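# An overview of the molecular structure
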There are 2 protein chains.
Amino acid sequence: MTGTLYGIGVGPGDPELITLKALRILQRVPVIAWPAPLEGDSMARGIAAPHITHEPIEIPIRMPLETTQFPDRSVYDVAAQEIGTHLEAGRDVAALCEGDPFFYGSFMYLFGRMAPHFDVTIVPGISSLMAAAAAMKSPLAARNDLLTVVPAPLEETALSEAVTAADSVAIIKVGRHLAKVRRVLQNLDRHADAQYIAYATMAEQTIQPLSEVAAGRAPYFSLILSHKRGAAWR
Amino acid sequence: MTGTLYGIGVGPGDPELITLKALRILQRVPVIAWPAPLEGDSMARGIAAPHITHEPIEIPIRMPLETTQFPDRSVYDVAAQEIGTHLEAGRDVAALCEGDPFFYGSFMYLFGRMAPHFDVTIVPGISSLMAAAAAMKSPLAARNDLLTVVPAPLEETALSEAVTAADSVAIIKVGRHLAKVRRVLQNLDRHADAQYIAYATMAEQTIQPLSEVAAGRAPYFSLILSHKRGAAWR
């Protein structure tokens with residue numbers, strides 16, 4: 001019997017925002033894998049830390065952030081091989097994912113490599129999208145709203161079209177694109193009501209009107225919510 | 001001390017897809033409120049049922065599905081008053097919500113009435129969106145994908161524009177709009193790869209290629225996923 005690979009959404013940051021299902025699987029698998037930068041801590045492993053007490057085998061998937069083409073596919077090839085060895089030996093493996101595995105998660109790179117050969121089960125997680133709306137006390141979408149998730153790295157025209165077309169937008173992966181996003185929202189007269197959040201549900205959580213966010217680079221784990229109904233919605 | 005109103009996302013259906021935080025709050029509040037049809041069971045109460053063992057005071061919010069203007073606002077006015085009485089007496093109240101409270105949830109009607117007067121905390125839940133993608137083993141969005149959530153009741157042109165503009169679309173609230181949605185996807189040559197799911201994570205869960213779904217009315221709790229990259233993505 002080969003093992004099962006579990007893609008486990010550990011939620012946005014607060015360790016209490018993990019599901020019972022994810023917890024049950026996490027606490028019994030003999031092997032866990034998790035993404036991390038080349039140096040430093042893994043956010044996903046950190047979120048799961050309070051729940052892992054049984055000393056599983058651990059497979060860090062360390063990704064250099066500065067490569068000619070991000071992500072470095074060879075890193076996933078190596079991880080897939082190591083995980084495959086455990087699965088073939090009958091050991092279940094849990095791959096930890098921040099938020100939800102299939103919502104802009106790096107888990108898809110593992111999924112693409114493993115799903116053709118092994119049994120893979122996805123355990124959905126609380127995504128930063130829902131966590132942000134909850135923390136801001138601001139409904140994401142209601143009734144027949146068109147809700148669009150817009151990655152900030154898109155170029156300015158695409159961003160502008162996406163914001164215009166939707167009733168409600170969540171702009172994710174803000175990072176070094178903060179100035180561009182701000183310009184787009186200003187040009188559409190949507191800047192004054194937009195709300196910014198970084199590190200939703202974590203100790204460092206920051207919520208601000210976008211108009212009060214200092215210029216410069218925002219964290220990668222930040223997002224901006226804007227609704228056509230504006231601040232009245234809040 | 002007045003009590004706190006908690007908007008609790010109980011997840012998409014599988015009782016194990018509730019968070020530890022939601023569970024902790026659910027199991028200690030003296031009062032729970034939940035939405036239900038005029039006759040019959042509450043889905044949210046059903047999902048939470050295995051976790052509620054302490055016999056709290058229960059406030060059903062029963063909504064007639066056939067009214068001249070849905071929802072009947074007076075039902076929420078009455079519920080808000082009853083909940084307010086408990087909060088003023090210092091009792092915390094948990095309002096149960098299917099999926100996530102702020103993702104197209106009816107909780108916003110209560111939120112709008114209570115937030116100006118009382119302390120309200122939102123506990124995010126696993127939405128049907130993430131649950132559907134996990135059950136289908138189909139990533140929702142990755143990299144710089146534009147992801148749009150499209151309510152099926154929108155008129156045909158709006159649906160068509162939304163599907164065209166996004167890389168990945170989730171069409172929600174399919175219900176009696178199945179034929180229209182199918183026509184839109186056919187006209188855009190996106191029908192063959194679209195995937196349909198009803199009752200994600202529940203015992204009745206059904207996953208089918210949209211092309212194999214029988215004509216007629218789909219359940220309200222069904223959704224359709226379609227990605228520009230098509231079936232290769234799966």
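Predicted, not measured: the structure shown is a model, and the values here were computed from it.

## Remarks on the interface of chain B and chain A
- Taken together, the 40 residues of chain B in the interface contact 41 residues of chain A.
- Contributions of two or more residues to the side of chain B that touches chain A are made by helix H1 (20–26), strand E5 (119–123), helix H5 (128–136), strand E6 (147–151) and helix H6 (156–165) of chain B.
- Of the residues that constitute the side of chain B that touches chain A, the class distribution is 32 nonpolar, four polar and four charged.
- Judged from the three bridges that link them, strand E6 (residues 147–151) of chain A and E6 of chain B form a sheet pairing that is antiparallel. Counterpart to Val149 of chain A in the pairing with E6 of chain B is Leu147 of chain B.

## Examining the environment of Glu82 of chain B
Residues and elements named next belong to chain B.
- With respect to the element layout, Glu82 can be found in helix H3 (residues 73–88).
- Overall, Glu82 belongs to the partly exposed group, with 15 C-beta atoms counted inside 10 Å.
- On a C-alpha basis, the gap between Glu82 and Gln186 in space is 48 Å, while along the polypeptide they are 104 residues apart.

## Points about the relation of the copies chain B and chain A
- By a simple turn and slide, chain B fits onto chain A: the slide is 0.0 Å along the axis, the RMSD is 0.0 Å, and the turn is 180 degrees. Here the symmetry operator amounts to a two-fold rotation axis.
- A share of 100% of the interface residues of chain B reappears at the interface of chain A, consistent with the copies meeting face to face through the same patch.

## Re the domain arrangement of chain A
Residue and element names in this part refer to chain A.
- In terms of domain boundaries, chain A breaks down into domain 1 (4–126) and domain 2 (129–233).
- Taken over C-alpha atoms, the centre of domain 1 sits 28 Å from the centre of domain 2.
- In this assembly, six residues from domain 1 lie in contact with seven residues from domain 2.
- For the side of domain 1 that touches domain 2, a count of residues per class yields four nonpolar, one polar and one charged.

## Focus on the confidence of the model for chain A
- Looking at chain A, pLDDT values average 94 and 96% of them are 70 or higher.
- We note a pTM of 0.95 for the whole complex and an ipTM of 0.95 for its interfaces.

## Description of the sheet that holds strand E4 (residues 93–97) of chain B
All names here are of chain B.
- Pairing in this open sheet of five strands is parallel, and the strands run E3-E2-E4-E1-E5 from one edge to the other. One side of each edge strand has no neighbouring strand; the edge strands of this open sheet are strand E3 (57–63) and E5. On average, each strand axis in the sheet is inclined to that of its neighbour by 25 degrees, with strand direction left out of account.
- When strand E2 (residues 31–37) meets E4, the two strands line up parallel, connected through three bridges.

## Looking at H6 of chain B
Residues and elements named next belong to chain B.
- The set of residues buried in H6 consists of Leu159, Ala162 and Val163. Angularly, the buried residues of H6 cover 95 degrees about the axis, an arc narrow enough to put them on a single face.
- The inward-facing, buried residues of H6 abut E6, strand E7 (168–172), helix H7 (178–187) and strand E10 (222–227).

## Concerning the sheet that holds E6 of chain A
- The sheet built from 10 strands is open, its strands ordered E9(A)-E8(A)-E10(A)-E7(A)-E6(A)-E6(B)-E7(B)-E10(B)-E8(B)-E9(B) with mixed pairing. Each edge of the open sheet is held by one strand with a lone partner, namely strand E9 (206–209) of chain A together with strand E9 (206–209) of chain B. Between one strand and the next, the sheet's axes are offset by a mean angle of 15 degrees, whatever the strand orientation.
- In this sheet, E9 of chain B lies alongside strand E8 (residues 195–198) of chain B in antiparallel orientation, the contact comprising four bridges.

## Regarding the packing of helix H3 (residues 73–88) of chain A against helix H4 (residues 107–114) of chain A
Residues and elements named next belong to chain A.
- One can describe the packing of H3 onto H4 by two numbers: an axis separation of 10 Å at closest approach and a directional angle of 55 degrees. Taken together, the axes of H3 and H4 lie oblique to each other. Like other packed secondary-structure pairs, H3 and H4 cross with a definite hand, here right-handed. Two secondary-structure elements touch here, H3 through Tyr76, Ala79, Ala80 and Ile83 and H4 through Tyr109, Leu110, Arg113 and Met114.
- Here the contact of H3 with H4 is built from residues that sort into seven nonpolar, no polar and one charged.

Cut-off values and rules
Residues numbered from 1 in each chain as written. Chains lettered and ligands numbered in written order. Predicted model: local features only at pLDDT ≥ 70, side-chain atom pairs only at ≥ 80, totals over all residues. Contact = placed C-beta atoms within 7 Å. Helix = DSSP H or I, 4+ residues; strand = E, 2+ residues; numbered from the N terminus. Nonpolar A, V, L, I, M, F, W, Y, C, P; charged D, E, K, R; others polar. Pairing = 2+ DSSP bridges. Buried ≥ 20, exposed ≤ 12 C-beta atoms within 10 Å, placed from the backbone. Least-squares fit on C-alpha atoms with pLDDT ≥ 70 in both. Domains from an automatic or database assignment. pLDDT = per-residue confidence, 0-100. Axes fitted to C-alpha atoms, helices over the stretch in contact; angles between N-to-C directions. Arc of directions from axis to C-beta. Parallel < 35°, antiparallel > 145°, perpendicular 65-115°, else oblique. Left-handed = near helix turned anticlockwise from the far one by under 90°.

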